[in-house]
Each structure stands twice: as structure tokens, then as C-alpha cells.
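Now for the letters of each chain:
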Amino acid sequence: MPMWRWVTVILVVVILGRPVMLMDNPACDRAAETAVPATPTTTPCHDTVRLAEANANTRSGHTCPCPDMVPPTSETHTAVSLLIDSWAVLVYAPHTAVNAPPNPPLDSSNPQTDPKGLLSRNATLRSFKPLGSFERNQSPKRRNQMTKKQSQSVRSRRVQHQEKQKRQRNLAIGIGIVAVVGVIGLLFWTRQITSNIAAQGIVTPTSIEQPPDADGKAWGPADAPVLIEEYADYQCPYCGQFAREAGERILAVYGGTGKVRVEYNNFAFLGAESYRAAEAAECANDQGAFWAYHNALFLNQKGENQGAFNDRVLKTLATNLGLDETTFNSCLDSNKYRDSVQAEHDAAAARGVSTTPMFYINGQEVRGALPFEQFQPIIEAALAGS
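A brief structural summary. Keep in mind that this is a model prediction, so the values were computed, not measured. (Residues numbered from 1 in each chain as written. Predicted model: local features only at pLDDT ≥ 70, side-chain atom pairs only at ≥ 80, totals over all residues. Heavy atoms only, no water.)

Attention shifts here to helix α8 (residues 237-244). Those residues of α8 lying buried are C239, G240, F242 and A243. One side of α8 holds all its buried residues, which, seen down the axis, span an arc of 160 degrees. Check the buried side of α8 and you find it contacts β5 (226-232), α9 (246-254), α11 (290-299), β7 (358-361) and α15 (372-385). (Buried < 20%, exposed > 50% of the residue type's maximum accessible area, 1.4 Å probe, protein only. Helix = DSSP H or I, 4+ residues; strand = E, 2+ residues; numbered from the N terminus. Arc of directions from axis to C-beta. Contact = heavy atoms within 4.5 Å.)

So, in C-alpha cells, the structure goes:
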């Protein structure tokens, strides 16, 4: 045995003067369990005992009194007692450590034996598997099944996405169709409203009589010394200004004198309504009412291509002038004079006409809606030169 144990035992005995106490001696425990207490005040000792008394009591069958209950022992000890005490310490100390009952096993269901939950955490850690380990541990058949399910899931999501896109596309197409129909309906409704308003505001000339010596789209004798050729568009505001002002004065001064002949030529270039108005005037000319219809058109100018000369207005004008509705409507609806109106436009452009109103007085070019005071000197000069 190590020397330090001998030294320690001797020092403890000498200093304390009493037997060394040993913790949890199994010999004392066995003696306490089998012996009968000597007095009512003594109890089995499970804490500390004197090793020598434990041996003696064990051999004699007496209990090991607790230290608090044991009266102080003698202050003198023999060498034998010391040797016995030392021998007991050296023998029973390792015996106690070897034969001590083991700690109870850990039980995860018992909080007393596993107060910190070590078993539960260890079981959790053991059950944890790295990512992909489950798939690696599966059989090839199982992995094939899982792969098949994943492929089916991907195809299902793709089909759902395609169906969603198809629904969105159909919805967009439906909205587009509704929008187009709505716009067409709105345009038609607006056109009808505009047509109704234009038809309600039609102005009829106070006089529907033809000029003297009227000859279709001209007035005055064909052999008159002065020929005034007019090129105009029924939507041109300056053409309307000339017709209502200087044109009326020229007719009033030179009409019926045989000195002047005025010929009207279509130069429709401001849009569709210009062409339709020119065609309507040609249809009115079939019934001998060109100049009356000509004046009615210029009296009802309301802007370019704004519905002032739509077919309903043009037919209403013919009715108000007393023309045969069936004949006029049939002529207008059949586009009878569309080609001739276009031919007049082309011939005028070839001659150099580029604006309206434009005049040739005995071949002399005159541009613009000049007042009568400027027209009259030119006419007189042409008469003088003839």
C-alpha cells in the first residue's frame, strides 16, 4: 500500500485522539440491519462509524451507534488498537470502493434516473439522418417508385401551369373581343347620334330656283364672252364663303345677260364626305336641281368629315328640295358618279389645281375666295378684251 495512506492514518489518530470515521461502510450497514438497538435512543448508522467498533460490533452482533449518540471514548489507545484501526482502513477502504453498489441504469421514462433527458436527446440524434441518406438506403425498386412519383408530380404541375396559361389566354381573348365589339358599337352609336344631330340641323335654301340659262353644272350661254371655271370642294370653308358671297353677287349682276358663263368642277380632296357630297350633287343634277343642291351643301358646312355630309343628311337635303327620293337614293347608294368625281379630280390636278377655291377667268388663274369687288374688275377686263 502507498506510504501516504499509512502517514495519513497515523496523523489522524494522533491528532484527533479518536478512531477514524469511514463513510458508508458496508460492514456497519450490515450490522445495523441485523442487530437490535441497545437503547431506544440509538439508530442504525448509515453515515460514519469507527472502523474498529464496526468490526467488533459485527463480530459480536451489536449495532453501530451514531457518532452523536456515542459517548466520548478513552483518550489513550494501545499500539494494538492503532494497528487494528490502520489495518481496517487499509483493508476495508478498497473493499468498499470495489464492492459499492453500481449506479442504477438510466431510464428515459424515469425522470429520477434520467433527470437531464440524455437518453431522449441521444435517441433523437441517433435517429437523425443526413440529407439524402434516406434515399440512399432505399432499395432500387423503392427509389424507382419515388422517382416515378416525383416525375408524375412535375408533370402534374406542368399541366396545371399550362391550363392556367390557357385560361388566362382565353380570358384575354374574350376581353379583347368584348372590347372590339364595344368600340365598334360605340362608333356606330356615335355615328348615329352625329347623323341625327346633323339631320336635325339641316338648312334649306330660301330659294330653290335654278339660275337663268342653267345648263347642268353651269349657268349662262355656252358662247358667253367670259368663261369662269370654278374648282371647289364642298367641305372647303372658303369655297362656301365664295358661294354665299361673291358667287351670289356675280350671279345677280351677270346672270341672264349672256356675258358670263360659270362652270362648276369638282375637286374633292378633303376626305370621304367631300366625295359623297360631290356624288350627291351629281345625282341631284340628274333631276335638274344641281344649283339648288349645290347651294344647300354650302349652307350646311359643319367641319370636315364630321358627319355633316353623311348619306342620311345628303338624302334629307334631296327630300327637302323636293327631289324624287327613290331615284336620288338609288343613285347615291349605287355610287353611280364615284368614278366621274375621281376623274374630275385627276383632270384638275393635271391642270395645276392644288387648292380651293381656284378659278380660271378666260384662262387667267385666280386663287382664293376674293370679294366681289376684286372679281368684278377682272371680269370687266375680260369682257373688254373679248
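That shown, we press on.
This part is about the sheet that holds strand β4 (residues 218-219). Within the open sheet, the 6 strands sit side by side as β3-β4-β6-β5-β7-β8. Their pairing is mixed. At either end of the open sheet lies a strand with only one pairing partner, and these are β3 (214-215) and β8 (364-367). Sheet analysis places β4 next to strand β6 (residues 260-266), joined by 2 bridges and oriented antiparallel. Bridge pairing in β6 links A218 to E263. (Pairing = 2+ DSSP bridges.)

What follows deals with the environment of P225. Mapping P225 onto the fold places it in the loop between β4 and β5. A C-alpha to C-alpha distance of 9.3 Å links P225 and G385, two positions 160 residues apart in sequence. With residues up to four places along the chain from it excluded, the contact list for P225 reads G258, K259, N362, L383 and S386.

Together, W6, V7, I10 and L11 give the surface a local cluster of nonpolar side chains, amounting to about 360 Å² of exposed area. Residue placement: L11 occurs in helix α1 (residues 3-16). (Patch = residues over 30% accessible without salt bridge, like charges linked within 9 Å, V, L, I, M, F, W, Y side chains within 5 Å. Areas by Shrake-Rupley, 256 points an atom, 1.4 Å probe, with all protein chains shown as cover. Salt bridge = Lys/Arg side-chain N within 4 Å of Asp/Glu carboxyl O.)

With that settled, consider the state of the cysteines. In protein structure, a disulfide is the covalent linkage between the sulfur atoms of two cysteines. Under the counting rule described, the total for this entry stands at 1 disulfide. Here C283 engages in a disulfide with C331; their sulfurs sit 2.1 Å apart. Classification of the bridge connecting C283 and C331 rests on its S-S torsion, roughly -80 degrees, and on that basis the disulfide is left-handed. Placement of the pair is C283 in helix α10 (residues 272-286) and C331 in helix α13 (residues 325-333), with a sequence separation of 48 residues. Both residues of the pair, C283 and C331, belong to the buried class. In this model C236 remains outside any disulfide bridge; the closest cysteine sulfur is found in C239, 3.0 Å from its own. The buried category is assigned to C236, whose relative accessible area is 4%. When its relative accessible area of 0% is taken as the criterion, C239 is described as buried. (Disulfide = S-S within 2.5 Å.)

The tally for this structure, following the rule as stated, stands at 12 salt bridges. One salt bridge connects D215 with R261, and the closest N-O pair in it is separated by 3.3 Å. Taken together, the residues D215 in strand β3 and R261 in strand β6 connect sequence positions 46 residues apart. With relative accessibility at 45%, the residue D215 sits in the partly exposed group. The class of R261 is buried, set by a relative accessible area of 8%. The salt bridge partner of R276 is D311, with a shortest N-O separation of 3.0 Å. A residue pair is termed long-range when its members are at least 10 positions apart, and R276 in helix α10 and D311 in helix α12 (residues 311-320) qualify at 35 residues. Three or more residues are tied together by salt bridges with common partners; here these are R276, E279, D311 and R338.

So, about the packing of α12 against α13. Put simply, α12 and α13 touch, their axes get as near as 10 Å, and they point 150 degrees apart. Considered as vectors, α12 and α13 are oriented roughly antiparallel to each other. Considering only the axes of α12 and α13, their crossing is right-handed. Between α12 and α13, the residues in contact are D311, L314, K315, A318 and T319 and E325, F328, N329, L332 and D333, respectively. (Axes fitted to C-alpha atoms, helices over the stretch in contact; angles between N-to-C directions. Parallel < 35°, antiparallel > 145°, perpendicular 65-115°, else oblique. Left-handed = near helix turned anticlockwise from the far one by under 90°.)

Moving on: the side chain of E344. As for its placement among the helices and strands, E344 is situated in helix α14 (residues 338-351). Residues in contact with E344, not counting those within four places in the same chain, are K217, N265, N266 and E282.

This next bit is on the pairing of β7. Alternating positions in β7 separate into two faces, M358 and Y360 on one and F359 and I361 on the other, with burial throughout. In the sheet, β5 pairs with β7 via 4 bridges, with the strands oriented antiparallel. Note that in β7 the partner of Y231 across the bridge is M358. Between the antiparallel neighbours β7 and β8 lie 2 residues, among them N362 with a positive phi of about 50 degrees.

Once that is clear, we can look at the packing of aromatic side chains. Working definition: an aromatic ring pair is given by the centre-to-centre distance plus the angle between the planes. Under the criterion given, the structure shown has 10 aromatic pairs. Joined through ring pairs, the aromatic side chains of Y234, Y264, F290, W291 and F298 make up one cluster. In this structure, R351 packs its charged tip against the face of Y360, placed 3.9 Å from the ring centre. (Phe/Tyr/Trp six-rings, centres within 6.5 Å; stacked < 30°, edge-to-face > 60°. Lys NZ or Arg CZ within 6 Å of the ring centre and 35° of its normal.)

So, on to the packing of α10 against α14. Running from amino to carboxyl end, α10 crosses α14 at an angle of 115 degrees, the nearest separation of the two axes being 9 Å. Comparing the axis directions of α10 and α14 gives the class roughly perpendicular. You can see that α10 and α14 cross each other, and the crossing is right-handed. Residues Y275, R276, A278, E279 and E282 of α10 form the contact with α14, whose participating residues are R338, V341, Q342, E344 and H345. Here the residues of the contact of α10 with α14 are counted per class, giving 3 nonpolar, 2 polar and 5 charged. (Nonpolar A, V, L, I, M, F, W, Y, C, P; charged D, E, K, R; others polar.)

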